[in-house]
Amino acid sequence: QQPVQSPQAVILREGEDAVINCSSSKALYSVHWYRQKHGEAPVFLMILLKGGEQKGHEKISASFNEKKQQSSLYLTASQLSYSGTYFCGTFSGNTPLVFGKGTRLSVIA
Amino acid sequence: DGGITQSPKYLFRKEGQNVTLSCEQNLNHDAMYWYRQDPGQGLRLIYYSQIVNDFQKGDIAEGYSVSREKKESFPLTVTSAQKNPTAFYLCASMAGASPYNEQFFGPGTRLTVL
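About the cut-offs
- Residues numbered from 1 in each chain as written.
- Chains lettered and ligands numbered in written order.
- Predicted model: local features only at pLDDT ≥ 70, side-chain atom pairs only at ≥ 80, totals over all residues.
- Heavy atoms only, no water.
- Helix = DSSP H or I, 4+ residues; strand = E, 2+ residues; numbered from the N terminus.
- Rg over C-alpha atoms; globule rule 2.2 N^0.38 Å.
- Buried < 20%, exposed > 50% of the residue type's maximum accessible area, 1.4 Å probe, protein only.
- Contact = heavy atoms within 4.5 Å.
- Lys, Arg positive; Asp, Glu negative; His and termini not counted.
- Charge placed at Lys NZ, Arg CZ, Asp CG, Glu CD.
- Salt bridge = Lys/Arg side-chain N within 4 Å of Asp/Glu carboxyl O.
- 1 Å grid on protein atoms, 1.4 Å probe; cavity = no way out; pocket = protein on both sides within 12 Å on 5 of 7 lines; lining within 4 Å.
- Points joined across faces, edges and corners; volume = space filled by probe spheres on them.
- Nonpolar A, V, L, I, M, F, W, Y, C, P; charged D, E, K, R; others polar.
- Core = buried A, V, L, I, M, F, W, Y, C linked by side-chain atoms within 4.5 Å.

Q: I'd like a description of the overall build of chain A, backed by residues and values.
A: Broken down by element type, chain A carries zero helices and 11 strands. Walking chain A from its N terminus toward its C terminus, one meets helices and strands in the order β-β-β-β-β-β-β-β-β-β-β. Computed over C-alpha atoms, the radius of gyration of chain A comes to 13 Å, within 12% of the 13 Å expected from 2.2 N^0.38 for 109 residues, which places it in the range of a compact globule. In terms of principal-axis extent, the alpha carbons of chain A reach across some 45 × 25 × 20 Å. Buried residues in chain A amount to 47% of all 109 residues. Considering only residue pairs separated by 6 or more positions, chain A has 55% of its internal contacts joining residues 24 or more positions apart. Positive and negative side-chain charges of chain A, numbering 11 and 7 respectively, have mean locations separated by a distance of 9 Å.

This is the structure in structure tokens:
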């Protein structure tokens, strides 16, 4: 079942902060975050694992609430290069990653 | 450099024709995936393969077919049975189908049906 992302879209000015949320109805082993620029391939940002371990981009901050099956991605002091669509992917068992519909982030000067 | 290549980048097809999208990886990854991307729909899984000579249907497999004869190659055929094939297609691979491994994506193929 597809995880739900919120908000669907957000517009920021440079230097502002944003939080992107990802919620699942299933018990999760891990949550993955990717960013995609228009017309390009998604790029891996980080993985948050059950038990608290994290793997990925040092400059990216995220959290994983195992009890609520929710994850949040924190983008602080946003830069123009942060613009793109952010996808969360959830891993809940012996099935492949399931991706959300994405959150479109636009950072303006 | 290790990575995933997809070809062609743009593909135009007439209605009723089958077309094959290429995906090659030199990362020595066991698992490979095909996704379809439509505006506002995210990444929807078409087919996946966790090992050579084996593959499974994803959420939207109807009208598509795949093969996995070699570890590095996972071509996708869009058949005439696919009623609305115009979309952006992404191929991805993982070292193994594990919660701990990230997916690596190819640059994508944009298919347009004329």
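Q: Tell me about unusual backbone geometry, residues and numbers included.
A: A cis amide bond links S6 of chain A to the next residue, P7 of chain A, at an omega of -5 degrees. Here P7 of chain A shows up in the loop between β1 (4-6) and β2 (9-13). Omega for the peptide link from S7 of chain B to P8 of chain B comes to -5 degrees, which places this bond in the cis form. Looking at where P8 of chain B falls in the secondary structure, it is placed in the loop between β1 (4-7) and β2 (10-13). Look at Q69 of chain A: it is not a glycine, yet its phi comes out positive at around 55 degrees. Tracing the chain through its elements places Q69 of chain A in the loop between β7 (61-65) and β8 (70-75). For N53 of chain B, which is not glycine, the phi torsion reads 65 degrees and is therefore positive. Tracing the backbone through its elements, the reader meets N53 of chain B in the loop between β5 (42-51) and β6 (54-57).

Q: Pulling in residues and values, what's your account of the pattern of salt bridges?
A: All names here are of chain B. Taken as a whole and judged by the stated rule, the model has four salt bridges over all chains. Note that D30 and K71 form a salt bridge whose closest N and O atoms lie 3.4 Å from each other. In this pair, D30 sits in the loop between β3 (19-25) and β4 (31-38) while K71 sits in the loop between β7 (64-66) and β8 (76-78), placing the two residues 41 residues apart along the sequence. For D30, a relative accessible area of 34% corresponds to the partly exposed category. Of the charged contacts in the structure, one is a salt bridge between R44 and D38, with a shortest N-O distance of 2.8 Å. In this structure R44 comes out as partly exposed when scored by relative accessible area, which is 27%. Each member of the salt-bridge network shares a partner with another, and the members are R36, D38 and R44.

Q: Just give me the short version of the layout of surface pockets, but keep the residues and values in it.
A: Of the voids in this model, the largest pocket is the one considered here, and its volume is about 700 Å³. Considering the residues around the largest pocket, the lining is formed by 28 residues, among which T85, F87 and R104 of chain A together with P39 and G40 of chain B are closest to the centre. Elements with a contribution of two residues or more to the lining of the largest pocket: β1, β9 (84-91) and β11 (103-108) of chain A together with β4 and β9 (87-94) of chain B. Considered class by class, the residues forming the lining of the largest pocket number eight nonpolar, 15 polar and five charged. A volume near 160 Å³ is recorded for the second largest pocket. For the second largest pocket, the lining is made up of 15 residues, of which Q1, T95, P96 and V98 of chain A together with D59 of chain B are closest to its centre. Looking at the lining of the second largest pocket, the elements with two or more residues in it are β9 of chain A together with β5 of chain B. Across the lining of the second largest pocket, the residue classes break down as six nonpolar, six polar and three charged.

Q: So, the nonpolar core: which residues are in play, and what are the values?
A: Membership of the largest hydrophobic core comes to 21 residues, with the highest contact counts inside it found for V31, W33, M46, L73, L75, Y86 and L105 of chain A. Looking at this core, the elements that each hand over two or more residues are β2, β3 (18-23), β4 (30-36), β5 (43-49), β7, β8, β9 and β11 of chain A. Dropping the residues within four chain positions of it, V31 of chain A is found in contact with C22, M46, I47, L48, F64, S71, C88, G89 and T90 of chain A. By size, the runner-up hydrophobic cluster in this structure holds 20 residues, among which are A41 of chain A together with Y35, L43 and A92 of chain B.

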